[in-house]
Protein chains: 2
Amino acid sequence: MANCSAARVASYAVPYDAPERCTRAPTPTIRSGSVRARLAFDHLGPRPVHVAYEAQGPVDAPATVVLGGISAGRHLTPTTSDPSKGWWPGVVGEGDALDPARHLLIGIDFLGGKTEDGLLRPVTTHDQARAVAAALDELGVTAASFVGSSYGGMVALAFAELFPERTARLVILCAAHRTHPMATGIRSVQRAAASLGADTGQPARGLALARALAMTTYRSPEEFEERFSPRPLHPGRAPARFPVEEYLDARGADFAHRFDIERFLALSESIDLHHTRPGSLPPDTLLVSFDTDALVPPWLVDELATRSGRCPRHVTVTSLFGHDAFLKEVDQVASLLKASLPRTPEVVR
Amino acid sequence: MANCSAARVASYAVPYDAPERCTRAPTPTIRSGSVRARLAFDHLGPRPVHVAYEAQGPVDAPATVVLGGISAGRHLTPTTSDPSKGWWPGVVGEGDALDPARHLLIGIDFLGGKTEDGLLRPVTTHDQARAVAAALDELGVTAASFVGSSYGGMVALAFAELFPERTARLVILCAAHRTHPMATGIRSVQRAAASLGADTGQPARGLALARALAMTTYRSPEEFEERFSPRPLHPGRAPARFPVEEYLDARGADFAHRFDIERFLALSESIDLHHTRPGSLPPDTLLVSFDTDALVPPWLVDELATRSGRCPRHVTVTSLFGHDAFLKEVDQVASLLKASLPRTPEVVR
């Protein structure tokens, strides 16, 4: 089991080939790159792969790995080399709960799909955890806290199972030790839709359809009820179009534009292959669920808490936003994170 | 408003061209056929169409129109000319709650899709109600009670709105005065899946995919949780296959085998176009919802009850089976129907 109080101060050693090493004290150190590592994949066997990572923060701040959903990646906050916003605005950023001035924030790109290292599939959450470990090795971090949401929460749980001695505090949002068969059923339909598109020369259309369906599981019926009229847009016209349909189509098209189908298939499948032993949960864990999350319902997170035998803290937050609440309930998530994670007490400038 | 006590005894006159007329008293009269009628479609204008119907029961028994989901049709019970079972076994049949010895049971085939009368789309629940009225005219039935489930419940509500004087008692299961935007969103994805298949020369695959997705909305997460293991069937193999996926695929393939894609598109769209004025609900109505029905949740049925201003009886039944509970909870549905519908007190033989 990890010694949480000891692990709170994570070590940070600058490795020999740091390309973007910056030693100015006031500005958080930013390092991004790709580490070549030979990982022992669960099903693919030992394979050399590239793990892309981005780290930002003072070398002596608590190391905190931040992992999100399947479409999230290593880029957590705007940096000088990549000024685009991160995937978790309002939660990660200067002055936010996850502050690059007070944490050494670490993100990675998940493995999966067609890569320069060949087709990676099936890939498991434990494989992703091994990739995180390789990034931590590269950064010289021996142990870290984790904030994992959705798929990233599963990866964090897998990391804690594989590397208990490297795991400090865990904050898991919208994730559990296993998936729900209804969620697996709906994701299997998503994969079938993407595959139908791919097999018939319409990969973007298939992928958009898969994402449109996924969106119905990310949000709640309550939100859609407030948001969309049930009336058709152009009464009398066939095929009929509905406001909710326009929204889902737009979200699907946007996703198809920026995501790769092989990667989607590998990561969607990886969710359904996820399984960790509840007993591997570190004692110092905060579990966060949302009352309207149908993909990872509070009772499933309770099952993890109960079966772990560790009495972790489990907070269920009321939200209109279903599974996406971890992205939408910024204030509530931020205050939970601030209260739960080790951080540098004040910024030294 | 319908005078319910007067309407309980429905008249039944044998029309001039009844091909299967049977005058033996003990055996319920069976009549099936197709009536040619000119219907005033909401969006297609006036059009001559064929309405296929099947009626079974004593001429002097209370006329009861029985309407089910989009895949249900006119055939309610085994007959000499069609010994196949009906779509609602356990509820409709000899000795059952809807007994052809004690009711004049009437079913129709819904209009929609590619027909001998051309492409019927968009078709509304009010159009279907006009088709029911044409069948009742053909059978010489001036007024009838209705048992409508799912799509058939919407059609029954539309009938009551258009023809209050011909509506006796209504029993509506799993249906309301409008649809829910989340349900519309998921059905729009189903239609897009079917269309992707049709557009790429894979109509059966598209339709199977649409139906697989529909099945996830017909059943409840609770049932799937009890029924399916979350573990993959062949660990390590890609693409992974899951027990719930096999089930959904099988149900989808079965549907694609027996259903037409144009008909599916028209009827699915018709659900989403459904809208009736709550105030048109007859006072003598029983509304039945199921606690796990996510497509037509109890609160939506409550909305109909409240807005109708008629104080109809609304019973919410506890079930594991979601929207499909009207098909699965045979005993509870049967006892509700027995207590609510006019029927011949005893069989005269």
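Structure first, text after, so check above.
Residues numbered from 1 in each chain as written. Chains lettered and ligands numbered in written order. Predicted model: local features only at pLDDT ≥ 70, side-chain atom pairs only at ≥ 80, totals over all residues. Heavy atoms only, no water.

Asker: Please clarify how the packing of aromatic side chains should be interpreted in this entry.
Answerer: Any two aromatic rings considered together are summarised by their centre-to-centre distance and by the angle between their planes. Tallied over the entire structure, the rule returns 20 aromatic pairs over all chains. Where F224 of chain A meets F228 of chain A, the ring centres are 5.1 Å apart and the plane angle is 85°; that geometry is what we call edge-to-face. This pair shows no difference in class: F224 of chain A is buried, exactly as F228 of chain A is. Relative to Y247 of chain B, the ring of F224 of chain B lies with its centre 6.0 Å away and its plane at 90°, an arrangement referred to as edge-to-face. Note that F224 of chain B is positioned in helix α6 (residues 221-227) and Y247 of chain B in helix α7 (residues 243-258), a separation of 23 residues in sequence. Here the two residues F224 of chain B and Y247 of chain B agree in accessibility, since each one is buried. Cluster of aromatic residues (ring-pair linked, three or more members): W87, W88 and F326 of chain A. Cation over ring: R227 of chain A sits above Y247 of chain A, and NZ or CZ is 4.2 Å from the ring centre. (Phe/Tyr/Trp six-rings, centres within 6.5 Å; stacked < 30°, edge-to-face > 60°. Buried < 20%, exposed > 50% of the residue type's maximum accessible area, 1.4 Å probe, protein only. Helix = DSSP H or I, 4+ residues; strand = E, 2+ residues; numbered from the N terminus. Lys NZ or Arg CZ within 6 Å of the ring centre and 35° of its normal.)

Asker: What is the right way to read the sheet that holds strand β9 (residues 285-290) of chain A from this model?
Answerer: One key point about sheets: their strands pair by backbone hydrogen bonds, in either a parallel or an antiparallel sense. Residue and element names in this part refer to chain A. Spatial ordering of the open sheet is given by β1-β2-β4-β3-β7-β8-β9-β10, a layout of eight strands whose pairing is mixed. One side of each edge strand has no neighbouring strand; the edge strands of this open sheet are β1 (29-41) and β10 (313-317). Going across the sheet, the axis of each strand differs from the next one's by a mean of 20°, ignoring polarity. As judged from the five bridges shared by strand β7 (residues 144-149) and strand β8 (residues 167-173), these two strands associate in the parallel manner. Its bridge partner lying in β8, V147 is registered against V171. Across the sheet, helix α2 (residues 125-139) lies against β1, β2 (45-57), β3 (63-67), β4 (104-108) and β7, angled at about 130° from β1, the strand it touches most. (Pairing = 2+ DSSP bridges. Axes fitted to C-alpha atoms, helices over the stretch in contact; angles between N-to-C directions. Contact = heavy atoms within 4.5 Å.)

Asker: How do you make sense of the side chain of S145 of chain A when you look at a structure like this?
Answerer: Residues and elements named next belong to chain A. Turning to its location among the elements, S145 is positioned in strand β7. A relative accessible area of 2% places S145 in the buried class. Setting aside its immediate chain neighbours within four residues, S145 contacts A63, T64, V65, A168, R169, L341 and P342.

Asker: Would you take a moment to explain the relation of the copies chain B and chain A for this structure?
Answerer: Each of the two chain copies can be brought onto the other by rotation about an axis and movement along it. Overlaying chain B with chain A gives an RMSD of 0.0 Å, the required rotation being 180° about an axis along which the chain moves by 0.0 Å. This pairing of chains is accounted for by a two-fold axis. Using C-alpha coordinates, one finds that chain B approaches the rotation axis most closely at T200 of chain B, a distance of 3.0 Å. When the interface residues of chain B are mapped onto chain A, 100% of them are again interface residues, pointing to one common binding face. (Least-squares fit on C-alpha atoms with pLDDT ≥ 70 in both.)

Asker: Help me understand the interface of chain B and chain A, please; the structure alone is not making it clear to me.
Answerer: Many authors give the size of an interface as the accessible area that is lost as the parts come together. On the chain A side, the residues contacting the 52 residues of chain B number 52 residues. When chain B packs against chain A, close to 4100 Å² is buried across both sides, 72% of that on carbon and sulfur atoms. Here chain B and chain A share four salt bridges between them. For R178 of chain B, the salt bridge goes to E225 of chain A, with nearest N and O atoms at 2.6 Å. Secondary-structure elements contributing two or more residues to the side of chain B that touches chain A are α4 (181-199), α5 (203-218), α6, α7 and α8 (261-273) of chain B. Ranked by the residues each element gives to the side of chain B that touches chain A, the list is headed by α4 of chain B, at 14 residues. For the side of chain B that touches chain A, a count of residues per class yields 25 nonpolar, 15 polar and twelve charged. (Buried area = accessible area lost by both parts, 1.4 Å probe. Salt bridge = Lys/Arg side-chain N within 4 Å of Asp/Glu carboxyl O. Nonpolar A, V, L, I, M, F, W, Y, C, P; charged D, E, K, R; others polar.)

Asker: Mind showing me how you'd approach the packing of helix α4 (residues 181-199) of chain A against α4 of chain B here?
Answerer: Describing two packed helices takes the angle between their axes plus the distance from one axis to the other. With their axes 10 Å apart at the nearest point, α4 of chain A and α4 of chain B run at an angle of 20° to one another. The angle between α4 of chain A and α4 of chain B falls in the class roughly parallel. Between α4 of chain A and α4 of chain B the crossing geometry is left-handed. Taking contact as the criterion, the partners of A193, L196 and G197 of chain A in α4 of chain A are, on α4 of chain B, A193, L196 and G197 of chain B. Of the residues in the contact of α4 of chain A with α4 of chain B, the class split is four nonpolar, two polar and no charged. (Parallel < 35°, antiparallel > 145°, perpendicular 65-115°, else oblique. Left-handed = near helix turned anticlockwise from the far one by under 90°.)

Don't take any of this as a statement about function, it's just geometry.
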